[in-house]
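Here is how the chains run, residue by residue.
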Amino acid sequence: MSDPEVTPRTSTPTPPLTSSLLDGWSRFMSSPGTPFMIPGHKQRAGLLWPELGDVNRGDVPLFGGLATLKDAAGVLAAAEARTATRWGADWCRYSTGGSTHANQVLALSVGTPGDEVLVARNAHRSTLSGLLLAGLTPRWLTPTVSDGLITELSVATVEAAIARHPRARALFLVEPSYVGTLSDREALIATAHAAGLTVVVDQAWGAHLGFHEDLPAHGIALGADAVIFSAHKTLPAYSQASVVLARTERLDAGRLERAFDLSATTSPAGSLLASTDAAVTLLDSPLGHQRLGVVLDAVSAARATLREAGLSVAGPDTHRMDPTKLVVRLPDGGLDLEQRLIAAGLAPEQADETTVIPIVTLADRPEDLARFTEVVLEQAAEIRVHHRRDPGSPQPRSGSATDETRLPTARMTPRDAFFADTETVPAAQALGRISAEVIAPYPPGVPVLVPGEEITPETVELLQDAAAAGVRIAYAADPTLATFQVVAVP
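Not measured: the values here are computed from a predicted model.

### Digging into helix α7 (residues 185-194)
Alright, step 1. Considered for burial, the residues of α7 that qualify are R185, L188, I189, T191, A192 and H193.
Alright, step 2. Each element contacted by the buried residues of α7 is listed here: α6 (155-164), β6 (170-174) and β7 (198-202).

### Concerning the pattern of salt bridges
Alright, step 1. Counted according to the given criterion, the structure contains 18 salt bridges.
Alright, step 2. Salt-bridge contacts for R86 lead to D284; the nearest nitrogen and oxygen are separated by 3.5 Å. Of this pair, R86 sits in helix α3 (residues 72-87) while D284 is found in the loop between α10 (270-283) and α11 (286-308), placing the two residues 198 residues apart along the sequence.
Alright, step 3. We classify R86 as partly exposed; its relative accessible area is 22%.
Alright, step 4. Exposure remark for D284: the relative accessible area of 40% places this residue in the partly exposed category.
Alright, step 5. For D115, the salt bridge is made with R169, and the minimal N-O distance between the two is 2.8 Å. On the criterion of sequence distance, the pair formed by D115 in the loop between α4 (98-107) and β2 (116-120) and R169 in the loop between α6 and β6 is long-range, its members being 54 residues apart.
Alright, step 6. Given the relative accessible area of 16%, D115 is considered buried.
Alright, step 7. Salt bridges here are not isolated pairs; linked through shared partners, they connect E80, R93, E257 and D261.

### Structural notes on empty space enclosed by the protein
Take a probe with the size of a water molecule and roll it over the atoms, and the empty space left behind shows itself.
Alright, step 1. Per the counting criterion, the structure on display carries 6 cavities of 30 Å³ or more.
Alright, step 2. Taken together, 13 residues form the lining of the largest cavity, with F28, P35, I38, P39 and P61 sitting closest to its centre.
Alright, step 3. Along the lines of polarity and charge, the residues of the lining of the largest cavity split into 8 nonpolar, 3 polar and 2 charged.
Alright, step 4. Size it by volume and the second largest cavity reaches roughly 60 Å³.
Alright, step 5. Forming the boundary of the second largest cavity are W205, H208, T234, D322, T324, K325, L326, P358, I359 and V360.
Alright, step 6. Looking at the lining of the second largest cavity residue by residue, the classes come out as 5 nonpolar, 3 polar and 2 charged.

### Some points on the packing of aromatic side chains
Each pair of aromatic rings is reported with the distance of its centres and the angle of its planes.
Alright, step 1. Counted by the stated rule, this structure contains 4 aromatic pairs.
Alright, step 2. Seen from their ring centres, F418 and F419 are 5.0 Å apart, and the 90° between their planes marks the pair as edge-to-face.
Alright, step 3. The class for F419 is exposed, based on a relative accessible area of 59%.
Alright, step 4. One aromatic cluster in this structure is built from W87, F211 and F229.
Alright, step 5. Sitting over the face of the ring of Y178, K325 holds its NZ or CZ atom 5.2 Å from the ring centroid.

### Some details on the sheet that holds strand β3 (residues 137-141)
Note: strands within a sheet are paired through backbone hydrogen bonds, in either parallel or antiparallel orientation.
Alright, step 1. The sheet built from 7 strands is open, its strands ordered β1-β9-β8-β7-β6-β2-β3 with mixed pairing. Both outer strands of the open sheet, β1 (91-95) and β3, are each paired with one neighbouring strand and no more. For this sheet, the mean inter-axis angle between neighbouring strands, taken without regard to orientation, is 15°.
Alright, step 2. The pairing of β2 with β3 spans 5 bridges and is parallel.

### Considerations on the side chain of S177
Alright, step 1. Structurally, the position occupied by S177 is in the loop between β6 and α7.
Alright, step 2. The exposure class assigned to S177 is buried, which follows from its relative accessible area of 2%.
Alright, step 3. A polar atom in the side chain of S177 sits 2.6 Å from the side chain of T181.
Alright, step 4. Setting aside its immediate chain neighbours within four residues, S177 contacts N122, I150 and W205.

### As for the sheet that holds strand β10 (residues 312-314)
Alright, step 1. With antiparallel pairing, the 4 strands of this open sheet are ordered in space as β10-β11-β13-β12. In this open sheet, the two strands that pair with only one neighbour each are β10 and β12 (350-351).
Alright, step 2. Taken strand by strand, α11 contacts β10 and β11 (327-329), and its axis lies near 155° from that of β10.

### Brief notes about the pairing of strand β5 (residues 149-152)
Alright, step 1. Pairing geometry for strand β4 (residues 144-146) and β5, over 3 bridges, is antiparallel. Its bridge partner lying in β5, V145 is registered against I150.

### Points about the nonpolar core
General note: in soluble globular proteins, nonpolar side chains tend to be found buried as a group.
Alright, step 1. Ranked by size, the top nonpolar core spans 41 residues in total, and within it V110 and V117 carry the most contacts.
Alright, step 2. The set of elements that each furnish at least two residues to this core consists of α4, β2, α5 (125-134), β6, β8 (226-230), β9 (242-246), α9 (253-262) and β15 (440-442).
Alright, step 3. It is α4 that provides the largest number of residues to this core, a total of 4 residues.
Alright, step 4. Sequence-distant contacts of V117, defined by excluding residues within four places in its chain, comprise V110, L131, L136, T137, P138, R139, A170 and F172.
Alright, step 5. Counting 34 residues, the second largest nonpolar core, distinct from the first, contains L21, L62, A72 and Y94.

### Considerations on the environment of V446
Alright, step 1. Mapped onto the elements of the fold, V446 is located in the loop between β15 and α16 (457-468).
Alright, step 2. Given the relative accessible area of 13%, V446 is considered buried.
Alright, step 3. Leave out the neighbours within four places in its chain, and V446 touches R121, N122, P143, V145, I150, A440 and P441.

### Re the packing of α4 against α5
Alright, step 1. Orientation of α4 relative to α5, taken along the N-to-C sense of each, is 40°, at an axis distance of 8 Å. With respect to each other, α4 and α5 are oriented oblique. You can see that α4 and α5 cross each other, and the crossing is right-handed. Of the residues in α5, those touching α4 at S99, T100, N103, Q104 and A107 are S126, T127, S129, G130, L131, L133 and A134.
Alright, step 2. For the contact of α4 with α5, the per-class residue count stands at 4 nonpolar, 8 polar and no charged.

### A closer look at α9
Alright, step 1. Every buried residue of α9 is accounted for by L256, A259 and F260. When α9 is viewed along its axis, its buried side chains cluster within an angular range of 100° and face the same direction. Summarising the geometry of α9, the exposed residues directed more than 90 degrees from the buried face are R258 and L262.
Alright, step 2. Looking at the packing, one finds that the buried side of α9 touches β1, α4 and β9.
Alright, step 3. With a side-chain oxygen lying 3.2 Å from the backbone nitrogen of G254, the N-terminal cap of α9 falls on D252.

Rules behind the numbers
- Residues numbered from 1 in each chain as written.
- Predicted model: local features only at pLDDT ≥ 70, side-chain atom pairs only at ≥ 80, totals over all residues.
- Heavy atoms only, no water.
- Buried < 20%, exposed > 50% of the residue type's maximum accessible area, 1.4 Å probe, protein only.
- Helix = DSSP H or I, 4+ residues; strand = E, 2+ residues; numbered from the N terminus.
- Contact = heavy atoms within 4.5 Å.
- Salt bridge = Lys/Arg side-chain N within 4 Å of Asp/Glu carboxyl O.
- 1 Å grid on protein atoms, 1.4 Å probe; cavity = no way out; pocket = protein on both sides within 12 Å on 5 of 7 lines; lining within 4 Å.
- Points joined across faces, edges and corners; volume = space filled by probe spheres on them.
- Nonpolar A, V, L, I, M, F, W, Y, C, P; charged D, E, K, R; others polar.
- Phe/Tyr/Trp six-rings, centres within 6.5 Å; stacked < 30°, edge-to-face > 60°.
- Lys NZ or Arg CZ within 6 Å of the ring centre and 35° of its normal.
- Pairing = 2+ DSSP bridges.
- Axes fitted to C-alpha atoms, helices over the stretch in contact; angles between N-to-C directions.
- Polar contact = N/O pair within 3.5 Å; in protein donor to acceptor, adjacent residues only side chain to side chain.
- Core = buried A, V, L, I, M, F, W, Y, C linked by side-chain atoms within 4.5 Å.
- Parallel < 35°, antiparallel > 145°, perpendicular 65-115°, else oblique.
- Left-handed = near helix turned anticlockwise from the far one by under 90°.
- Arc of directions from axis to C-beta.

Dropping the structure here:
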């Protein structure tokens, strides 16, 4: 029997979903033959080691798998062209290297070594790695942070940055943020375009935006020149599946192609590509629209239930944000809640002492989210009993690294710091030295340090306070912060 929550609730039959890449995957799996081609497991590794066969099952290459060796590139290009049309873009590629690869592609496409670019400070480290590869110099824009959550990057901040850096070539945005909040993207894009800047949007956490009338528009629809999204984050695609889209008024299609191929594998996994194509096909279908409606209703119901119990939950009524995002705030007990959720088989994407964030996608059912909500309410009840405090009022952490602070002084470009000799030193000896690493507390995900910036006592204190409060310290070589990686002294 079909799942009633998955079958579209409509009186008229819907056309069957079709994906040329998924069709090719199915044909190969039904009759793989005895190929004398890679991958080396030949769909027969189970004869050598049963568990190895299990883990390799379903792994089909692009070349000779989804289509013949000579036809595969054309079949993939046709699928990507269909996706470009779905998003209103001129150019599209499916990446098997995740949005990390996609962000690097766009950094390699917007300028030349030495050019300045404006970059939202909450950019993923893959954007920074792209800047390193391209030799671009970032001029950081700090988003507004309220109670540990990024709320937006203001138009005034972008206007001021353009005035300070009139030679900047591009603006890199992160929309939505990791916690689902959105800036006034249309105004930001218009402001940047008026100054002659190319606009790149990292929409990794918002692949679904624009495909339901109750969702905000996606970046391309608002005029962005390029958008990347992770098909594996909020769509039902294979891990590492990502899509990069572009309009070519300000970006050169040939340059985009060269940048993509420069850092892409020459042996792409056909299964990832088929999964990507199937996921975007599903999204742009009556079934995808219906499932988005189910998700929106389920998250709205969960948000209302949690708020009725006195919890603080961000939502589209309190912030400009993706309404499918659920961000639960607690005064404390978030780490205990995480363990309770894991024990119940409901592991959240992110948790610290005061914030718990589940990722809700098309594959989630209302009853799953209801179970999540029940466990959160159980934990909230224990907080009331043991702490005698309102569980809906997170207490601000003094000196928290999630507060908006003045950016450290940049003493080297990130690229120069990357290629410099480095050493690891104790925290006390790192003061006054130049950081060789990115360090960002999550949430909100704003880097406190990037390569090339000076490590100050205030910076170290902010990071250590955040770690003591249970905040995840991302990207640091030593997440305990006992040591730091710094540029070596000549």
